[in-house]
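# Observations on the three-dimensional arrangement
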Amino acid sequence: MPLPPAEDRELLHTRYITCKGYKRRDGLWDVEGELVDLKSFDLQVIERNDGIIPTGEPLHKMALRLTVDYDLLIHDVQASMDYTPFKHCPSIADNFRRLIGHRIAPGFTRLTRDLLGGIQGCTHLLEMLGTMATTAYQTTHQEREKREDFGIGGETPPPTLNTCHSFDTHGPVVQRYWPQFYTGDKDSDKDDTPQS
C-alpha cells in the first residue's frame, strides 16, 4: 500500500544506501555498502570546489566492504570515502578495520558503536553497518538453510522465529510453514472459563 498523497513540497535532500552481497570463489562472502547524499541545490561547503558543491555532486559518497565467513565472522574490512564535506574525513576510514575478528550476531550494533562511535569513526559509515549486517545475513541465508535444515518443514528452528511480527511463534506464518514450532494462538492460551 503506497503512502498517502503528500502536501505541496520541494525536494531538498536524497540519501541512497545500496548494499550488495557476493559469494566469493574462496568460500567467503563480500558485503558491500555504499551511501550517497545529494542536495537539490548548490551547497556552500568551504573545503570543496572553491566553496560550492553543485547540485548533483555528492555531499557524501562512501563505501564499506565486509568480508565474512559462514558464521558471519569478519575477516576483512575496507572503507572508502570518495566525497566528504571535509578533507579530514577520510583519515578515519582505516578505523573500520577494528571490526576484523568480530562476528555479526546479536549485540553487533552496540559493538560497532563501542568501537566506532563518536570521534572514533564516521557517523554515516557507522549507520550503514546495521543495514550491511542484515545484508550479510540475507546473503548467506540460503547456504545456512541448506546446511542447518531450517527451511520450510526443517527440523531446526529458524533463527528468525520471534524476531518480527510475522515470525511470531503464535502467529499464522509459523503455523503454516513451521507448524512443528508453532506454540498456539495467544488468545487461546487464556482461560475462557466464566468466573462465578
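The notes below deal with the structure included here. Predicted model, so just to flag it, every value in this text is computed and none were measured.

## Section: the state of the cysteines
Under the defined criterion, the tally for this structure stands at zero disulfides. Its sulfur unpaired, Cys 89 is 6.7 Å from the next cysteine sulfur, which belongs to Cys 122. When its relative accessible area of 21% is taken as the criterion, Cys 89 is described as partly exposed. A disulfide-free cysteine, Cys 164 has its sulfur positioned 19 Å from the sulfur of Cys 19, the nearest such atom. Note on Cys 164: relative accessible area 39%, which makes it partly exposed.

## Re the sheet that holds strand S2 (residues 29-39)
Each strand in a sheet pairs with another by means of backbone hydrogen bonds, the pair being arranged parallel or else antiparallel. Strand order in the open sheet formed by four strands is S1-S2-S5-S6, and the pairing between neighbours is antiparallel. The open sheet is flanked by strand S1 (13-23) and strand S6 (74-83), the only strands paired with a single partner. Mean inter-strand twist for the sheet, computed between neighbouring axes without regard to direction, equals 10°. Along the sheet, helix H2 (residues 123-148) contacts S1, S2, strand S5 (60-68) and S6; its crossing angle with S5, the most-contacted strand, is approximately 40°.

## A closer look at the nonpolar core
Leu 64, Leu 66, Phe 96, Leu 99, Ile 104, Leu 125 and Leu 129 are the most contacted members of the largest nonpolar core, which has 27 residues in total. If one sorts the elements of this core by residue count, H2 sits on top with seven residues. Contacts of Ile 104, omitting those with residues within four sequence positions, involve Leu 66, Val 68, Leu 72, Ile 74, Ala 133 and Ala 136.

## Quick word on the pattern of salt bridges
This model, assessed by the stated rule, comprises eight salt bridges. When the shortest N-O distance is used, the salt bridge between Arg 15 and Glu 127 registers 2.9 Å. On the criterion of sequence distance, the pair formed by Arg 15 in strand S1 and Glu 127 in helix H2 is long-range, its members being 112 residues apart. According to the relative accessible area criterion, Glu 127 is partly exposed, its value standing at 46%.

Rules used in this analysis
- Residues numbered from 1 in each chain as written.
- Predicted model: local features only at pLDDT ≥ 70, side-chain atom pairs only at ≥ 80, totals over all residues.
- Heavy atoms only, no water.
- Disulfide = S-S within 2.5 Å.
- Buried < 20%, exposed > 50% of the residue type's maximum accessible area, 1.4 Å probe, protein only.
- Pairing = 2+ DSSP bridges.
- Helix = DSSP H or I, 4+ residues; strand = E, 2+ residues; numbered from the N terminus.
- Axes fitted to C-alpha atoms, helices over the stretch in contact; angles between N-to-C directions.
- Contact = heavy atoms within 4.5 Å.
- Core = buried A, V, L, I, M, F, W, Y, C linked by side-chain atoms within 4.5 Å.
- Salt bridge = Lys/Arg side-chain N within 4 Å of Asp/Glu carboxyl O.

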